[in-house]
2 protein chains.
Amino acid sequence: MPPVAPTLKDVALMAGVSEITVSRVVRNKGPISSDTRLRVTAAIDALGYVPNRAAGSLASAGAPLIGVLLPSLSNIVFPEVLRGIQAALASTNYQSLVGVTEYDPVVEQHIVSSLLAWKPAALIMTGFDHTDATRMMLAKHDVRVAELMDIDAEPIDIAVGLSHRRAGYDSGRHLIQRGYRRFGYVGHDWDADRRARRRYNGLCAALAEAGLSLTAESRSPHASSTRAGKETLKALLLDAPKLDVVVFSNDDMAIGGFFHCLEAGISVKEELALFGFNGLAIGQDLPKPLSTVRSNRFLIGKTAVERLLGAAETSDHRRVIDTGYEIVEGATA
Amino acid sequence: MPPVAPTLKDVALMAGVSEITVSRVVRNKGPISSDTRLRVTAAIDALGYVPNRAAGSLASAGAPLIGVLLPSLSNIVFPEVLRGIQAALASTNYQSLVGVTEYDPVVEQHIVSSLLAWKPAALIMTGFDHTDATRMMLAKHDVRVAELMDIDAEPIDIAVGLSHRRAGYDSGRHLIQRGYRRFGYVGHDWDADRRARRRYNGLCAALAEAGLSLTAESRSPHASSTRAGKETLKALLLDAPKLDVVVFSNDDMAIGGFFHCLEAGISVKEELALFGFNGLAIGQDLPKPLSTVRSNRFLIGKTAVERLLGAAETSDHRRVIDTGYEIVEGATA
DNA sequence: CTGTTAGCGCGTTCAT
DNA sequence: ATGAACGCGCTAACAG
């Protein structure tokens, strides 16, 4: 076990060529005779040579790295985005440096700063909520930047996601069209999750347009969760028993609501309709598939990487990429 | 927007000191007079200096990086482990380089190789299932290695997790003690998830010890999911209607089973008891909290990082760290 | 407490 | 098709 990793020089020596030739073989760059290529690759295998990326990045100014900043890993939505990112990265030689901000722009700022220290090719962030200092750093260090999930604001570089305002609005239209009139809303912490608020605003706009408004609403101060959904719906129904439908800030909350109905003996849809957001797999496996809006989390992550890395190849230079959403009819509304 | 990042030299020039002095201030290393420290930090702020980590790693042989290899991000369990890792990392200046193996040791091998290229301080992997080539690389490049989730085998360096065999065994003992006799088992793809098989073996051992055996069992060829649990239980009950209790390979599967019971009008626990594994939050929010075994995923990730980075500080040099598990009584068994 | 010298391993540039 | 020289930005090892 020689804890001394072989370098270009070792490979060069063994293959009887110069270092730069080995470097060319490794990177598949420049003309190499198939003969020397053979000898070099043989030496590489024999020595178990692994290029030192730190050295490579230093020499070439820029690392094959993508910084990924996620607000949270507790909300299943972000691992799914990360999954899309990883899937797209798998076919490249880029790797991901992952940090979690806990929805705090100041934490985000610190992470951006330490990620930038690696001279990554791009940064993937969530939402549009950054400190001025963050924006300044981003401007100075020429990295590509993708802001994910939302497209309701002006991006720094590119944005990939969906319009949460429109999604909320369309949810409202859809439900009104299906005959619902007495709307309840059950939400979670808005300060952290700005997108939930945008959907709420869209929903209210749709109601207003139809001459309606929310009959009752309640917001949990906590992060979204099944439990929060369950308890918040319970609380809401104590105050305002006469509702047709309850729109939840997302599927987690809605599933909690569904469970509450099961426990309270409320017949879902017949007595009270439920509507979510995200289209999580588990919601579709409930005894009654949840009516909701499918956001395309995996696609968002995947698309972001493709756009960030493939910029030159495509002629498509949109700054805002709408990955869309679809209303999932389900059986709860 | 000057796309030319300032370097140590720029800071040194501005502060009227040498580069190494700036370097010392940045790293908080070696004695520095508070006067020069002040001037240097002022210059750093003024220029917006961010150290180049690639250069630092090259010079000092070794990067403040932890490579993290996860088999999947679809199974909620691994994001939770990652959460623990990130939480522990937050208070250090280490960052995580994340890769996903899709349960394939060959993919794992490629990722290990590219991670090693950064000279990380440590690698966090899952399970004990690695190719020979992977083991060889690990031996050569002196990195710390943690193998997570399982402690039922001999680790390369350290292992952090729980004994799945014992967890399965204890589940069996627990259920037998509660009077169950006719056991069913509903599982998922074992080839990918070796730990599920270990739990199964433990369960069977407990049954055998009590002179019992599985009355019926069925395994989905797919990855674990609510849907797979639902469908597999349904199939199982067609063949073997007379069961007291069904043990599932994990909570996702068990929750699916719960949903099947709801749909089929089977009274959970009274007619058929259900038992899971993991102790996911959502299982505890079902109308009847799921009876299961709590694995401590967050703790596993967090502990691994602490052990890997804090080795010198603690006198605790165990190679195997048991993060334990607890039986969660619930209301479904 | 501060500076000098040397070089980490590689890629760029220019030659041959 | 191949190579030599140089330097990327930083830190280790010594001075002083």
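Please read these numbers as outputs of a predicted model, since none were measured by experiment.

Procedures and definitions
- Residues numbered from 1 in each chain as written.
- Chains lettered and ligands numbered in written order.
- Predicted model: local features only at pLDDT ≥ 70, side-chain atom pairs only at ≥ 80, totals over all residues.
- Heavy atoms only, no water.
- Pairing = 2+ DSSP bridges.
- Helix = DSSP H or I, 4+ residues; strand = E, 2+ residues; numbered from the N terminus.
- Axes fitted to C-alpha atoms, helices over the stretch in contact; angles between N-to-C directions.
- Contact = heavy atoms within 4.5 Å.
- Near = heavy atom within 4 Å.
- Polar contact = N/O pair within 3.5 Å; in protein donor to acceptor, adjacent residues only side chain to side chain.
- Nonpolar A, V, L, I, M, F, W, Y, C, P; charged D, E, K, R; others polar.
- Domains from an automatic or database assignment.
- Salt bridge = Lys/Arg side-chain N within 4 Å of Asp/Glu carboxyl O.
- UniProt positions renumbered as here; feature names shortened; annotations may be inferred.
- Least-squares fit on C-alpha atoms with pLDDT ≥ 70 in both.
- Phe/Tyr/Trp six-rings, centres within 6.5 Å; stacked < 30°, edge-to-face > 60°.
- Buried < 20%, exposed > 50% of the residue type's maximum accessible area, 1.4 Å probe, protein only.
- Buried area = accessible area lost by both parts, 1.4 Å probe.

1. What to know about the sheet that holds strand E11 (residues 320–322) of chain B
Then, in step 1: If you trace the twelve strands from one edge of the open sheet to the other, you get E11(A)-E5(A)-E4(A)-E3(A)-E1(A)-E2(A)-E2(B)-E1(B)-E3(B)-E4(B)-E5(B)-E11(B), paired in mixed fashion. This sheet does not close on itself; its edge strands, each paired only once, are strand E11 (320–322) of chain A together with E11 of chain B. Looking at each pair of strands side by side, their axes are set apart by 20° on average, direction ignored.
Then, in step 2: Inspection of the sheet shows strand E2 (residues 95–100) of chain A paired to strand E2 (residues 95–100) of chain B by three bridges, in the antiparallel sense. In the sheet register, Val98(A) faces E2(B), and the bridge partner there is Ser96(B).
Then, in step 3: The strands touched by helix H13 (residues 297–309) of chain A are strand E1 (63–70), strand E3 (120–126), strand E4 (144–150), strand E5 (158–162) and E11 of chain A; relative to E4(A), the strand with the most contacts, the crossing angle is about 160°.

2. Details of the protein's contact with DNA strand C
Then, in step 1: In the neighbourhood of DNA strand C, 24 residues make up the surrounding shell, with Leu8(A), Ser23(A), Tyr49(A), Thr21(B) and Arg24(B) lying closest.
Then, in step 2: Sugar and phosphate atoms represent 67% of those atoms of DNA strand C found within 4 Å of the protein.
Then, in step 3: A distance of 3.1 Å separates a phosphate oxygen of DNA strand C from a polar atom in the backbone of Ser18(B).
Then, in step 4: Looking at which element gives the most residues to the surface near DNA strand C, the answer is helix H4 (residues 53–60) of chain A, with five residues.
Then, in step 5: For the surface near DNA strand C, a count of residues per class yields 13 nonpolar, nine polar and two charged.

3. Comments concerning the protein's contact with DNA strand D
Then, in step 1: Around DNA strand D, the surrounding shell holds 26 residues, and the nearest of these are Thr21(A), Pro31(A), Leu8(B), Ser23(B) and Tyr49(B).
Then, in step 2: Among atoms of DNA strand D positioned within 4 Å of the protein, sugar and phosphate together represent 67%.
Then, in step 3: Between DNA strand D and Leu8(B), the relevant distance is 2.4 Å, taken from a phosphate oxygen to a main-chain nitrogen or oxygen of the residue.
Then, in step 4: A distance of 3.2 Å separates a phosphate oxygen of DNA strand D from a polar side-chain atom of Arg27(B).
Then, in step 5: Going through the elements one at a time, helix H2 (19–27) and H4 of chain A together with helix H2 (19–27) and helix H4 (53–60) of chain B are the ones with two or more residues in the surface near DNA strand D.

4. Examining the domain arrangement of chain A
Then, in step 1: Domain boundaries assigned for chain A yield domain 1 (1–49), domain 2 (54–162 + 298–323) and domain 3 (164–295).
Then, in step 2: Taking only C-alpha atoms, the centre of domain 1 of chain A and the centre of domain 3 of chain A are 61 Å apart.

5. Points about H4(B)
Then, in step 1: The N-cap residue of H4(B) is Asn52(B): its side-chain oxygen and the backbone nitrogen of Ala54(B) are 2.8 Å apart.
Then, in step 2: Downstream of H4(B) by one or two residues, Ala61(B) has phi in the positive range, about 55°.

6. So, the pattern of salt bridges
Residue and element names in this part refer to chain B.
Then, in step 1: Inspection of the entire model under this criterion finds 27 salt bridges over all chains.
Then, in step 2: Note that arginine 178 and glutamate 329 form a salt bridge whose closest N and O atoms lie 2.3 Å from each other. On the criterion of sequence distance, the pair formed by arginine 178 in the loop between helix H8 (164–177) and strand E6 (183–187) and glutamate 329 in the segment after strand E12 (325–328) is long-range, its members being 151 residues apart.
Then, in step 3: A salt bridge links arginine 294 to glutamate 326; the nearest nitrogen and oxygen atoms lie 2.9 Å apart.

7. Points about the UniProt feature "domain: HTH lacI-type" (unreviewed entry) in chain A
Then, in step 1: Taken from the UniProt record, the annotation "domain: HTH lacI-type" (unreviewed entry) applies to residues 6–60 of chain A.
Then, in step 2: Along residues 6–60 of chain A the backbone is 71% helical and 0% strand, and the end-to-end C-alpha distance reaches 20 Å.

8. Section: the sheet that holds strand E8 (residues 245–248) of chain A
Residues and elements named next belong to chain A.
Then, in step 1: With respect to topology, four strands assemble into an open sheet ordered E7-E6-E8-E9, the strand pairing being parallel. Of all strands in the sheet, those with a lone pairing partner are strand E7 (214–219) and strand E9 (273–275), marking the two edges. Strand-to-strand, the axes of this sheet are offset by a mean angle of 20°, without reference to chain direction.
Then, in step 2: Sheet topology places strand E6 (residues 183–187) next to E7; five bridges connect them, and they run parallel. By the bridge assignment for E7, glycine 184 is matched with alanine 216.
Then, in step 3: Of the strands in this sheet, E6, E8 and E9 are in contact with helix H11 (residues 251–264), which crosses E9 at around 160°.

9. Quick notes on the relation of the copies chain A and chain B
Relating one copy of the chain to the other requires a rotation about an axis plus a shift along that axis.
Then, in step 1: Once chain A is rotated about the relating axis by 180° and shifted along it by 0.0 Å, it coincides with chain B to within an RMSD of 0.1 Å. Here the transformation between the copies is reduced to the relation of a two-fold axis.
Then, in step 2: Mapped onto chain B, 100% of the interface residues of chain A are again interface residues, and the two copies thus contact each other with one and the same surface.

10. Re the packing of aromatic side chains
Residue and element names in this part refer to chain A.
Then, in step 1: Taken as a whole and assessed by the stated rule, the structure comprises ten aromatic pairs over all chains.
Then, in step 2: Ring centres of phenylalanine 78 and tyrosine 103 lie 6.5 Å apart, and the angle between their planes is 75°; this geometry places the pair in the edge-to-face category. Separated by 25 residues along the polypeptide, phenylalanine 78 in helix H5 (residues 77–90) and tyrosine 103 in the loop between E2 and helix H6 (105–116) bring together distant segments of the chain.
Then, in step 3: Look at phenylalanine 78 and you get buried, because its relative accessible area is 3%.

11. Remarks on the interface of chain A and chain B
Then, in step 1: Contacts between the two partners involve 52 residues from chain A and, on the opposite side, 52 residues from chain B.
Then, in step 2: In total, about 4600 Å² of surface goes out of reach between chain A and chain B, with carbon and sulfur atoms giving 65% of it.
Then, in step 3: Here Asp285(B) and Arg227(A) are joined by a salt bridge, their closest N and O atoms 2.6 Å apart.
Then, in step 4: A total of six residues in the side of chain A that touches chain B trace back to one element, the largest contributor, which is E2(A).
Then, in step 5: By residue class, the composition of the side of chain A that touches chain B is 31 nonpolar, twelve polar and nine charged.

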